[in-house]
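Spelled out from the first residue to the last, the chains are:
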Amino acid sequence: MAAPMKIKTSHEKIEKETKSLLQACKDVHKTIDYEDPFLKRCEENCARVLRSEGKTDTDVAQQLKDFSQASLDLTFYEENNLVNESFPEKDGKQRLQKLLESLTMPEKLVEDLFQGEKQAKDVLGDEIYECLLWRRGALLYMYCSIIQPRSKSDPNQYRQCLEDGVDYLMRMLKVRTPILKERQDVTTNDEAVYQLLQKGIFSDTHVLAMMYAGEMCHWHWSDPAPSQSDFDARNIGRSLLSKYIELVKGPLKTMGWNCERADQLLKDADK
């Protein structure tokens, strides 16, 4: 168990960030004339954090989980608005950066409070940590997809967003390790599900992350502007797309997934 003074300091830091998050949520709520479920849930999770006394490591970990969920809810609402507005040139970059910072804050708090003694995955749990990484990667995927026609105005920023997006998604895919138990030791009667677990695929989001990251690599290597980056987009993309195609033609073949686009991108990578 951590020392009382350290726990008190941790509680105060989380409380400060939560109050800031709650105020941001209330400010957004004032701009609409209906009760949005995500904003409501954000406020409820913030209230739960602020009610906790944060007396033990367990309390602090739960506060961080509730704070993370509140951040996910508020940013989901704001992200939808930003995507619907097609990341306006006037303030799209700034709003994108603000969302990325909000989705990074839970991980930053873990680093600040535990000083390497515990990792974000261990404190927040696999699902929350994966979601924080997925949301950042998917947000950058949407941003790069939408701003492609105007990326020539700042090609370096565009490429950096692609690289960051791929990094988040690849980190998300590595949070959980593949299930290597024998068939009889896994509680599923579905052979396809068992094969997916063996490959470290635990949800549809994992499959989609693979395709998103592969496509972002394609956008990176297809960009005609000179690049100063050592990011090996072609080889990374080839690996991701090959794995995606293997899944779709294998254990996912009866589940409605399509690999036509991935096949096209993979052929382009081999040119």
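Anyway, here's the lowdown on the structure attached to this text.

Scoring rules and cut-offs
Residue positions are given per chain, counting from 1 as you read along its sequence in written order. Thresholds applied to this predicted model are a pLDDT of at least 70 for local features of residues and 80 or more for the giving and counting of side-chain atom pairs; totals over whole chains, interfaces and linings are not thresholded and use all residues. To get the side-chain values, all heavy atoms of the structure are used, and hydrogens and water are removed first. When a carboxyl oxygen of Asp or Glu is within 4 Å of a side-chain nitrogen of Lys or Arg, the pair counts as a salt bridge. Strands are runs of DSSP state E lasting at least 2 residues, helices are runs of H or I lasting at least 4, and numbering of each runs from the N terminus. Here the term buried applies to any residue with accessible area under 20% of the maximum for its type, exposed to any over 50%, and partly exposed to those in between, with areas from a 1.4 Å probe on protein chains only. Axes here mean lines fitted to C-alpha atoms, for a helix over just the part in contact, with angles spanning 0 to 180 degrees between N-to-C directions. Definitions for this section: a left-handed crossing has its near helix turned counterclockwise from the far helix by less than a right angle. A right-handed crossing has that turn clockwise. Throughout, a contact is declared for two residues whenever any of their heavy atoms are within 4.5 Å. All residues other than Ala, Val, Leu, Ile, Met, Phe, Trp, Tyr, Cys, Pro, Asp, Glu, Lys and Arg, Gly among them, are scored as polar; the first ten of these are nonpolar and the last four charged. Each residue after the first adds 1.5 Å to the expected span of a helix. A residue's bend is given by the angle between axes fitted to the 7 residues ending at it and the 7 residues starting at it. Between N or O atoms, a polar contact is any pair within 3.5 Å; within protein, one atom must be a potential hydrogen donor and the other a potential acceptor, and residues adjacent in sequence are included only when both atoms are from side chains. The set of buried Ala, Val, Leu, Ile, Met, Phe, Trp, Tyr and Cys residues whose side-chain atoms join them within 4.5 Å is what this entry labels a nonpolar core. Every angle not falling under 35 degrees, over 145, or within 65 to 115 is termed oblique; those three ranges are roughly parallel, roughly antiparallel and roughly perpendicular.

**Focus: the pattern of salt bridges**
Summed over all chains, the structure comprises 15 salt bridges. For the salt bridge of Glu107 with Arg136, the shortest nitrogen-to-oxygen distance reads 2.9 Å. Here Glu107, found in helix H4 (residues 92-114), pairs with Arg136, found in helix H6 (residues 126-147); they are 29 residues apart in sequence, far enough to count as distant. The residues Glu107 and Arg136 share a single accessibility class, namely buried. One salt-bridge network, held together by shared partners, links Glu107, Arg136, Asp167 and Arg171.

**Remarks on the packing of helix H9 (residues 204-222) against helix H11 (residues 260-269)**
Between two packed helices, the angle of one axis relative to the other and the distance separating the axes together describe the packing. The geometry of H9 relative to H11 is characterised by a closest axis approach of 11 Å and an angle of 35° between their N-to-C directions. The hand of the H9/H11 crossing is left-handed. Here Met211, Glu215, His218, Trp219, Trp221 and Ser222 of H9 lie close against H11, whose contacting residues are Arg261, Ala262, Leu265, Asp268 and Ala269. Among the residues making up the contact of H9 with H11, the classes are represented as six nonpolar, two polar and three charged.

**With respect to H4**
In a regular helix each residue adds 1.5 Å, so 23 residues correspond to 33 Å; H4 covers 34 Å between its end C-alpha atoms and thus fits that length. The sharpest bend along H4 reaches about 40° and sits at Met105, with the proline Pro106 one to four residues further on. By the burial criterion, the buried members of H4 are Gly92, Leu96, Leu99, Leu100, Leu103, Pro106, Glu107, Leu109, Val110, Leu113 and Phe114. Gln115 sits one or two residues past H4 and shows a positive phi near 50°.

**Overview of H9**
A rise of 1.5 Å per residue sets the reference length of H9, with its 19 residues, at 27 Å; its end C-alpha atoms lie 27 Å apart and thus fit the reference within 8%. With 15 of its 19 residues buried, H9 lies for the most part within the structure.

**Some thoughts on the side chain of Thr18**
By secondary structure assignment, the location of Thr18 is in helix H1 (residues 4-29). A residue is classified by how much of its surface remains accessible, and Thr18, at 0% relative accessible area, is buried. Here Ile14 takes part through its backbone oxygen, which lies 2.7 Å from a polar atom of the side chain of Thr18. In contact with Thr18, not counting residues within four places along its chain, are Cys46, Val49, Leu50 and Phe67.

**Side note on the environment of Val193**
Along the chain, Val193 falls in helix H8 (residues 191-198). Sequence-wise, Val193 and Ser203 are 10 residues apart; in three dimensions their C-alpha atoms are separated by 9.7 Å.

**What about the nonpolar core?**
Grouped together as the largest cluster of nonpolar side chains are 78 residues, with contacts concentrated most on Leu64, Phe87, Leu96, Leu124, Met216 and Tyr244. It is H6 that provides the largest number of residues to this core, a total of 12 residues. Residues within four places of Met216 in sequence aside, it is in contact with Gly137, Leu140, Tyr141, Cys161, Leu162, Gly165, Val166 and Leu169.

**Considerations on the packing of helix H7 (residues 155-173) against H9**
Contact geometry for H7 and H9: axes closest at 9 Å, N-to-C directions at 155°. Between H7 and H9, the angle falls in the class roughly antiparallel. Note that H7 runs across H9; the crossing there is left-handed. Residues Tyr158, Arg159, Cys161, Leu162, Glu163, Gly165, Val166, Leu169, Met172 and Leu173 of H7 pack against Thr205, His206, Ala209, Met210, Tyr212, Ala213, Met216, Cys217, Trp219 and His220 of H9. A breakdown of the residues in the contact of H7 with H9 according to their chemical character gives 14 nonpolar, four polar and two charged.

Purely geometric numbers; function is a separate question.
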